[in-house]
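Listed here are the chains, written in short residue letters.
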Amino acid sequence: MTDRLTVEQVCAPRTPSRSVLVEGATLRLREFLPSDVDGVLGIFGDPRTTREFGMPPFARSDAAALVEQARAGAARTPRTHYRLGVSEIATGELIGSAKLIVEDQSAEGGMVRVGYRSAEVGLALRADRVSFGHSVEIGFLLGVLGFDRLGLHRVWSGFMPSNIAAQRAIEKAGMVREGVLRHYGHVDGVWHDIVQYSILEDDWKALCGR
Ligand SMILES: CC(C)(COP(=O)(O)OP(=O)(O)OC[C@H]1O[C@@H](n2cnc3c(N)ncnc32)[C@H](O)[C@@H]1OP(=O)(O)O)[C@@H](O)C(=O)NCCC(=O)NCCS
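Notes on the structure in this doc start here. Every chain's residues receive numbers from 1 upward, in the order its sequence appears when written. In view of the model being predicted, local features appear only for residues whose pLDDT reaches at least 70, and side-chain atom pairs are presented and counted only at 80 or more, with totals across whole chains, interfaces and linings using the full set of residues.

Focus: the overall build of the protein
Secondary structure counts use DSSP, requiring at least four H or I residues in a row for a helix and at least two E residues in a row for a strand, with both numbered from the N terminus. The secondary structure content of the protein amounts to 7 helices and 8 strands. A residue is called partly exposed when the number of other C-beta atoms within 10 Å of its own lies between 12 and 20, exposed at 12 or fewer, and buried at 20 or more, with C-beta atoms placed from the backbone. Expressed as a percentage of its 210 residues, the buried residues of the protein come to 31%. What counts as a contact here is a pair of residues whose C-beta atoms, placed from the backbone, lie within 7 Å. Taking the intrachain contacts of the protein between residues at least 6 apart in sequence as the baseline, contacts between residues at least 24 apart amount to 62%.

As for the nonpolar core
Nonpolar side chains tend to gather and get buried jointly when the protein is soluble and globular. When buried Ala, Val, Leu, Ile, Met, Phe, Trp, Tyr and Cys residues are joined through C-beta atoms within 7 Å, the set is termed a nonpolar core. Val40, Phe44, Ala63, Ala98 and Leu145 are the most contacted members of the largest nonpolar core, which has 43 residues in total. Contacts of Ala98, omitting those with residues within four sequence positions, involve Leu29, Leu84, Val86, Gly122, Leu123, Ile138 and Leu142.

Some thoughts on the site of the ligand
Put plainly, near means the residue's C-beta atom, positioned from the backbone, lies within 6 Å of the molecule or strand in question. For the ligand, the set of nearby residues contains 22 residues, the closest of which are Glu52, Leu125, Ser135, Ala165 and Arg168. Elements with a minimum of two residues in the shell around the ligand: β5 (118-125), α5 (134-149), β6 (154-159) and α6 (164-172). Here the element with the most residues in the shell around the ligand is α6; it accounts for 6 residues. We call Asp, Glu, Lys and Arg charged. Ala, Val, Leu, Ile, Met, Phe, Trp, Tyr, Cys and Pro are nonpolar, and the rest, Gly among them, are polar. For the shell around the ligand, the residue count by class is 11 nonpolar, 8 polar and 3 charged.

A short note on the sheet that holds strand β4 (residues 94-102)
Strands are treated as partners if at least two bridges between them are detected by DSSP. Reading across from one edge, β1-β2-β3-β4-β5-β6-β8-β7 is the order of the 8 strands in this open sheet, with mixed pairing throughout. In this open sheet, the two edge strands, each paired with only one partner strand, are β1 (21-23) and β7 (176-187). Within the sheet, the average angular offset between the axes of one strand and its neighbour, ignoring direction, is 25 degrees. Pairing of β4 with β5 involves 7 bridges; the strand directions are antiparallel. Paired with Lys99 across the strands is Gly122, a residue of β5. Each axis is a line fitted through C-alpha atoms, taken for helices only over the stretch in contact, and angles between the N-to-C directions span 0 to 180 degrees.

Brief notes about the environment of Ser157
Tracing the backbone shows Ser157 in strand β6. Considered as a pair, Ser157 and Leu123 are 34 residues apart in the sequence and their alpha carbons are 9.4 Å apart. Non-local contacts of Ser157, meaning those with residues more than four positions away in its chain, are made with Glu120, Val121, Gly122, Ile170, Met175 and Tyr197.

Regarding the pairing of strand β8 (residues 190-200)
As judged from the 6 bridges shared by β6 and β8, these two strands associate in the antiparallel manner. Within the sheet, the bridge partner assigned to Phe159 lies in β8 and is Val195. Summarising the sheet, β7 and β8 pair through 8 bridges and their orientation is antiparallel. Following the sheet pairing, Val180 is matched in β8 by Val195. Linking β7 back to β8 in an antiparallel pair, the connection comprises 2 residues, with Asp188 at a positive phi of about 50 degrees.

These figures capture arrangement, not role.
Right, here's the structure in full:
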């Protein structure tokens with residue numbers, strides 16, 4: 001039965017290479033490189049971006065740590081953490097950071113028994129690349145990775161209700177609003193609601209016309 005898949009089965013690479021490379025018409029999702037630290041600082045060093053995550057802008061050491069964590073996650077077996085760079089195919093320039101984290105849910109106990117076939121996704125574009133419509137292409141690339149390559153059943157994302165751009169972008173990418181997780185986040189002594197969206201395997205197939 002598909003809901004009995006183990007983390008090894010879901011997260012084992014289906015291609016000989018462990019490295020992720022997913023390309024669309026103009027953008028690619030790719031592994032982070034040690035040389036990406038300044039590019040990551042360009043994304044998360046900007047308060048316009050980090051305020052949406054309820055955190056202060058990155059220092060260079062934070063950017064270096066993100067690249068290091070991304071590369072460590074890529075080397076782990078089974079792989080559950082996909083922190084990837086978004087770069088322009090034409091120029092090779094890093095313009096964003098995406099994540100897909102396969103959930104480490106126990107198959108035993110609790111009412112949630114989706115095993116390892118659920119993942120959280122997130123995206124941050126450099127502030128000067130926001131509102132160009134890139135999120136639809138990146139959403140598609142994350143769908144290719146999550147559903148087609150990793151065999152996931154459910155992909156979800158959450159953000160603060162004040163983040164109207166994310167809400168608009170995620171709906172354009174075909175995700176469905178599930179509801180509000182009340183006081184799910186706690187930032188600087190303040191509780192924040194999180195609005196949650198998801199896309200299921202069947203939604204993805206319908207979106208792709210399969
Ligand atoms: C959220 C984010 C990924 C969206 O990506 P994007 O490529 O900029 O999104 P798109 O250009 O495809 O669409 C954004 C939509 O929001 C709209 N929008 C942007 N800012 C808005 C605002 N303040 N109020 C209302 N609508 C807004 C845009 O007009 C666009 O809608 P349209 O296509 O109907 O014109 C990007 O804005 C981003 O990286 N933000 C910072 C980090 C973040 O918030 N990440 C989300 C948490 S996971």
